[in-house]
Amino acid sequence: MTQDRSERLLNFIDGEFVANQTGETFDVVNPATGEVIYVVEQADEHIRSLAIESAKKAFQTWSYMSAIERSRILHKAVSLLHERTDHLARVETLDNGKPIQEAREVDVVTGADVLEFFASLAPTQTGQQQEVDGDFYYTRKEPLGVCAGIGAWNYPLQIACWKSAPALAVGNVMIFKPSEETPRGAVELARIFIDAGVPAGVFNVIQGDAEVGSWLTTSDEIEKVSFTGEVGTGRKVMESAASTLKDVTMELGGKSPLLVFDDADLDEAVSAAMLGNFFTQGEVCTNCTRVFVHDAIYDDFLARLKTRTEENIVAGDPLDTHTNFGALISKEHHKLVMDYIEKGKQEGARVLTGGEAFSPDGATSGFFVQPTVFVDCNDDMTICREEIFGPVMSVLRFSDEDEGIRRANDTPMGLAAGVMTKDIRRAHRVVHQLQAGICWVNSYGASPAEMPVGGYKLSGIGRENGVETLNQYTQTKSVYVGMVKLESPF
Ligand code: NAD
């Protein structure tokens, strides 16, 4: 992977890189160094019309291919993802600032797993048939056509895999727009698809900011938008998708709770809290940023949390395989997170550890914020209400189960939640009352391909992964067949 500042990344349409006509570009910055590493061409009118034209043409080929043939090709892409792991992990780390150990073991692997899962399901899609009054009808599950994917910057390659896999498996084609902060992961996937034998145009990647995203949501040539990003942006996407009555899948933000009961395994509870706040330097949508700890174990929990946060987190050059804590995505986001930390201090929360920006050895110009734990928090503090999307954990006390559940649910968002307890009945009783689409019991963060994920309340609409996601990429056609003579009053 080159770090040549003069490198220019073009839009990837119909199996090749295509230059725009306006010459407009934007910069991509390595979060660990603050330096521009390459420039990207913004998708102009020329690129957009080529993307649509090529996608529509590719749909004719891809959707008519047998499901088993599509499956075989997508399985080849899975093998290529694994073969290119080192390269892909490096791309993700340079664009995003996350530790390469994570990119290699989580981003690439979970992206490939989801593609493998849906490739395997492709030939299992069936309709139904039923006899009615001597006639019969049958149903066909047909693809939607040209779908759009719009990605966030925290898991660029994984998001591109998670959106394209179910769409392509059942015969759709996709125009994907990655975040303008991390444009390369989706392009690497597009090249893998081509190398695996996916026809040109089935997965086009167009580059750009909100303006390009907004064009995708209003285009009347596009049948569906699958979006990952902030709640506020999701609202805009849904509003403009309504103008053409597009189907939408929305994977949005969260302010998720973790409930640690007094009988929990304390070390495991600390592991869950740290995984759910410091993995990917806190830039994970499902993060348990509100950690409710039972009174009886509060002090012990904090002591272990402080020790492990101060001793086990290794910040530094994300390309160093020993680093387990990277840089925030951008200077602007770094400021946003620091502003939240200041607000936490002003509103009376106490910093148990962290709370400052810093410059670790090996990455002194990067956008780093210390892993931060606030204690003595209350539910009304800004840090306990708004999504920060950085390494900032708020710890709150609770003393009884009903109170814990009520306070955990007291948020307009509902992406995820966790419960740490050895009491099996309590675990399920509590989980069944939590308003969240993804709940973990004595675990946090795992998201296998087989498990549907998505949000309650403001955190989203629809699901990704799991068998049910295929229904969001197909439409049912009912075919009624008259076997008896057609009667008519006319
Ligand atoms: P964002 O909403 O700023 O941007 C997301 C994408 O939308 C980008 O590609 C952006 O260019 C595009 N966009 C911006 N304005 C648009 C518009 N008006 N129309 C169409 N597209 C537009 O989000 P972000 O900062 O990239 O990502 C962080 C957010 O994503 C957090 O809120 C996080 O919780 C959320 N997220 C959710 C999930 C999930 O699965 N629920 C996963 C990852 C991230």
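The rules behind the values
Residues numbered from 1 in each chain as written. Predicted model: local features only at pLDDT ≥ 70, side-chain atom pairs only at ≥ 80, totals over all residues. Heavy atoms only, no water. Pairing = 2+ DSSP bridges. Helix = DSSP H or I, 4+ residues; strand = E, 2+ residues; numbered from the N terminus. Axes fitted to C-alpha atoms, helices over the stretch in contact; angles between N-to-C directions. Contact = heavy atoms within 4.5 Å. Buried < 20%, exposed > 50% of the residue type's maximum accessible area, 1.4 Å probe, protein only. Near = heavy atom within 4 Å. Polar contact = N/O pair within 3.5 Å; in protein donor to acceptor, adjacent residues only side chain to side chain. Nonpolar A, V, L, I, M, F, W, Y, C, P; charged D, E, K, R; others polar. Phe/Tyr/Trp six-rings, centres within 6.5 Å; stacked < 30°, edge-to-face > 60°. Lys NZ or Arg CZ within 6 Å of the ring centre and 35° of its normal. Salt bridge = Lys/Arg side-chain N within 4 Å of Asp/Glu carboxyl O. UniProt positions renumbered as here; feature names shortened; annotations may be inferred. Core = buried A, V, L, I, M, F, W, Y, C linked by side-chain atoms within 4.5 Å. Expected span 1.5 Å × (residues − 1). Bend = angle between axes of the 7 residues up to and from the residue. Left-handed = near helix turned anticlockwise from the far one by under 90°.

## Topic: the sheet that holds strand 14 (residues 290-294)
Note: strands within a sheet are paired through backbone hydrogen bonds, in either parallel or antiparallel orientation. Sheet architecture is open: seven strands sit in the order 15-18-19-14-13-21-22, paired in mixed fashion. The open sheet has two edge strands, strand 15 (350-353) and strand 22 (438-441), and neither has a second partner. Adjacent strand axes in the sheet meet at a mean angle of 25° when their direction is disregarded. In this structure, strand 21 (residues 416-420) lies alongside strand 22, joined through four bridges in parallel fashion. The partner of Gly 418 across the bridge, within strand 22, is Trp 440. Packing against the sheet, helix 11 (residues 331-346) makes contact with strand 15, strand 18 (372-375) and strand 19 (392-398), and its axis sits at approximately 25° to strand 18.

## Examining the side chain of Gln 472
Among the structural elements, Gln 472 can be located in the loop between strand 24 (460-461) and strand 25 (474-481). Exposure remark for Gln 472: the relative accessible area of 17% places this residue in the buried category. Apart from residues no more than four positions distant in its own chain, Gln 472 is found in contact with Leu 144, Lys 224, Asp 247, Thr 249, Gly 462 and Arg 463.

## Remarks on the site of the ligand
Around the ligand sit 26 residues, and of these Gly 151, Glu 180, Thr 233, Leu 252 and Glu 387 come closest. In the model, an oxygen atom of the ligand is placed 2.7 Å from a nitrogen or oxygen of the Glu 180 side chain. Listing elements by their share of the shell around the ligand, those giving two or more residues are helix 7 (210-218), strand 11 (224-228) and helix 8 (231-242). The element best represented in the shell around the ligand is helix 7, accounting for three residues. Tallied by class, residues from the shell around the ligand come to eleven nonpolar, nine polar and six charged.

## Let's talk about the packing of aromatic side chains
Under the criterion given, the structure shown has nine aromatic pairs. Taking 5.3 Å as the distance between ring centres and 75° as the angle between the ring planes, the aromatic pair formed by Phe 193 and Phe 203 counts as edge-to-face. Taken as a pair, Phe 193 in helix 6 (residues 184-196) and Phe 203 in strand 10 (residues 203-205) lie far apart in primary sequence, ten residues in all. The class for Phe 193 is buried, based on a relative accessible area of 1%. Sitting over the face of the ring of Tyr 155, Lys 98 holds its NZ or CZ atom 3.4 Å from the ring centroid.

## So, the sheet that holds strand 1 (residues 8-9)
Spatially, the three strands line up as an open sheet ordered 1-5-4, and their pairing is mixed. Both edges of this open sheet fall to strand 1 and strand 4 (25-30), since each of them pairs with a single strand only.

## Some thoughts on the pairing of strand 7 (residues 135-143)
Inspection of the sheet shows strand 6 (residues 129-132) paired to strand 7 by four bridges, in the antiparallel sense. Directly across from Val 132, in strand 7, lies its bridge partner Asp 135. Following strand 6, the chain reverses through two residues before pairing antiparallel with strand 7; Asp 133 in that reversal takes a positive phi of roughly 50°. Relative to strand 25, strand 7 runs antiparallel, the two sharing eight bridges.

## Thoughts on the pattern of salt bridges
Tallying each qualifying case throughout the model produces 28 salt bridges. Of the charged contacts in the structure, one is a salt bridge between Arg 8 and Glu 41, with a shortest N-O distance of 2.7 Å. With a gap of 33 residues between them, Arg 8 in strand 1 and Glu 41 in strand 5 (residues 35-41) connect regions that are remote in the sequence. Here Asp 263 ties to Arg 426 by a salt bridge, and the two come within 3.1 Å at their closest N and O atoms.

## Points about the UniProt feature "active site" (unreviewed entry) in the protein chain
Per the UniProt record, "active site" (unreviewed entry) is found at Glu 251. On the secondary structure map, Glu 251 appears in strand 12 (residues 247-251). Judged by its relative accessible area of 10%, Glu 251 falls in the buried class. If we skip the residues at most four places from it in the chain, Glu 251 touches Lys 163, Phe 227, Thr 228, Gly 229, Val 453, Gly 454, Ser 459, Gly 462, Arg 463 and Glu 464.

## Some words on the nonpolar core
Core analysis: the largest hydrophobic core is formed by 117 residues, its most contacted members being Ile 206, Val 260 and Phe 301. Looking at which element gives the most residues to this core, the answer is helix 5 (residues 156-169), with nine residues. Not counting residues up to four positions away in its chain, the partners in contact with Ile 206 are Asn 11, Ile 13, Ala 43, Ile 47, Ala 51, Ile 175, Phe 176, Lys 177, Pro 178, Val 212, Trp 215 and Leu 216. Of all hydrophobic cores here, the second largest spans 28 residues; its members include Leu 328, Met 338, Met 381 and Leu 434.

## Quick notes on helix 4 (residues 100-121)
Between its first and last C-alpha atoms helix 4 spans 31 Å; for 22 residues at 1.5 Å apiece the expected length is 32 Å, and the two agree. The principal kink in helix 4, of about 25°, is found at Val 109.

## Digging into the packing of helix 3 (residues 85-96) against helix 4
For any two helices packed against each other, one specifies the inter-axial angle together with the distance between the axes. The interhelical angle for the contact between helix 3 and helix 4, taken along N-to-C directions, is 115°, at an axis separation of 8 Å. Relative to helix 4, the crossing made by helix 3 is right-handed. Contacts between helix 3 and helix 4 pair Thr 85, Asp 86, Leu 88, Ala 89, Arg 90, Glu 92 and Thr 93 from the former with Ile 100, Ala 103, Arg 104, Asp 107 and Val 108 from the latter. For the contact of helix 3 with helix 4, the class distribution of residues is five nonpolar, two polar and five charged.

## Regarding unusual backbone geometry
Phi is positive for Leu 245, which is not a glycine, with a value near 50°. Relative to the helices and strands, Leu 245 is located in the loop between helix 8 and strand 12. For Thr 280, which is not glycine, the phi dihedral falls at a positive 50°. Within the fold, Thr 280 resides in the loop between helix 9 (266-278) and strand 14. Accessibility expressed as a relative area gives 0% for Thr 280, which makes it buried.

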